[in-house]
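For reference, the chains in residue letters:
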Amino acid sequence: MSHDIPETGPLPWTSLGILRQQRVVAEAKARYDAAVQALGSQEGVLHEEQRLEALPSKDERDLLRHIWKAAEVLYGRLQPLPKTITTNRGCTGLVVKLAHQSDEMIEKRGNTEILGLGGPGENDTESKLRIFGINSPIGAALKGKDVGDIVRVFTPDDGHYDVEILSLETLTAFLERLPTSMDGLDAAQLELGFGTSPA
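Residues numbered from 1 in each chain as written. Predicted model: local features only at pLDDT ≥ 70, side-chain atom pairs only at ≥ 80, totals over all residues. Heavy atoms only, no water.

Novice: What is the right way to read the overall build of the protein chain from this model?
Specialist: Counting secondary structure elements, the protein chain contains seven helices and seven strands. Counted from the first residue to the last, the protein chain has its helices and strands arranged as β-α-α-α-β-β-α-β-β-α-β-β-α-α. Scored against the burial criterion, the 199 residues of the protein chain give a buried share of 38%. Put simply, 57% of the contacts in the protein chain that link residues at least 6 apart link residues at least 24 apart. Looking at the protein chain as shown, the accessible area adds up to about 11,600 Å², and 53% of this sits on carbon and sulfur atoms. (Helix = DSSP H or I, 4+ residues; strand = E, 2+ residues; numbered from the N terminus. Buried < 20%, exposed > 50% of the residue type's maximum accessible area, 1.4 Å probe, protein only. Contact = heavy atoms within 4.5 Å. Areas by Shrake-Rupley, 256 points an atom, 1.4 Å probe, with all protein chains shown as cover.)

Novice: Is there a simple way to think about the environment of Pro-10 in this case?
Specialist: The topology assignment puts Pro-10 in the segment before strand E1 (11–13). Using a relative accessible area of 53% as the deciding quantity, one classes Pro-10 as exposed. For the pair Pro-10 and Arg-77, spaced 67 residues apart in the sequence, the C-alpha separation amounts to 4.8 Å. Excluding residues within four positions of it along the chain, Pro-10 makes contact with Arg-77 and Gln-79.

Novice: Whenever I open this one, the sheet that holds strand E5 (residues 130–133) confuses me. Can you help?
Specialist: Sheets are built from strands that pair by backbone hydrogen bonding, the pairs being arranged parallel or antiparallel. Here we have five strands laid out as an open sheet, ordered E5-E4-E3-E7-E6, and mixed in their pairing. Looking at the sheet topology across the chains shown, the edges are occupied by E5 and strand E6 (150–154). Averaged over all pairs of adjacent strands, the angle between strand axes in this sheet comes to 45°, irrespective of strand direction. Direction of pairing for strand E4 (residues 112–118) relative to E5: parallel, over a ladder of four bridges. (Pairing = 2+ DSSP bridges. Axes fitted to C-alpha atoms, helices over the stretch in contact; angles between N-to-C directions.)

Novice: Would you take a moment to explain the side chain of His-100 for this structure?
Specialist: Mapped onto the secondary structure, His-100 falls in strand E3 (residues 94–100). Here Glu-113 takes part through its side chain, which lies 2.8 Å from a polar atom of the side chain of His-100. Here His-100 is in contact with Met-105, Ile-106, Arg-109, Gly-110, Asn-111, Glu-113, Tyr-161, Asp-162 and Val-163, once residues within four sequence places are set aside. (Polar contact = N/O pair within 3.5 Å; in protein donor to acceptor, adjacent residues only side chain to side chain.)

Novice: How should the side chain of Thr-14 be read in this particular structure?
Specialist: Examined against the element boundaries, Thr-14 turns out to sit in the loop between E1 and helix H1 (15–43). On the basis of relative accessibility, which here comes to 2%, the residue Thr-14 falls in the buried class. A distance of 2.4 Å separates a polar atom in the side chain of Thr-14 from a polar atom in the side chain of Glu-122. Setting aside chain neighbours within four positions, we find Thr-14 in contact with Leu-81, Gly-93, Leu-117, Gly-118, Glu-122 and Leu-171.

As far as function goes, none of this settles anything; it's purely spatial.
Quick look at the structure:
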């Protein structure tokens, strides 16, 4: 579990984040079920010496069960963010377009970058629309900021970089312009170049 997720209580996450966590739970359970099935089929035919050698498989099965249950507990705490946001300043549930100000970040991420601000601990940097929790370095830096602001983001390695906020919109408004299915959403974002843009 991410260090910026509170240990107890409900967690307001974006609709995308909740769908993604639902997938995580399903995939974790499928891996656990496969391990149970594989270990069960082995135990029925193995001699005692071979069964002792299979103990690491039991450890792996127990670890996969722990991962599945932890993902399930987190999913059970998630609550959808409000569909409307009363402020246009940087906060949870917004999609932000940024312009990088340093040559180093332009080389890494492109001139501009589009990302989403999610709930506490909601971080998904692999998808086309990258989501960062409001308590992450980028989320904390953008919190309460407005279009036109130059924001300094401090990184965990004691570095920093500057970005300019080009636009802010609600995640709901962003999604209304795109297909509703997750597969369709990814395809649309690829076509539109979301995530990063070339320098």
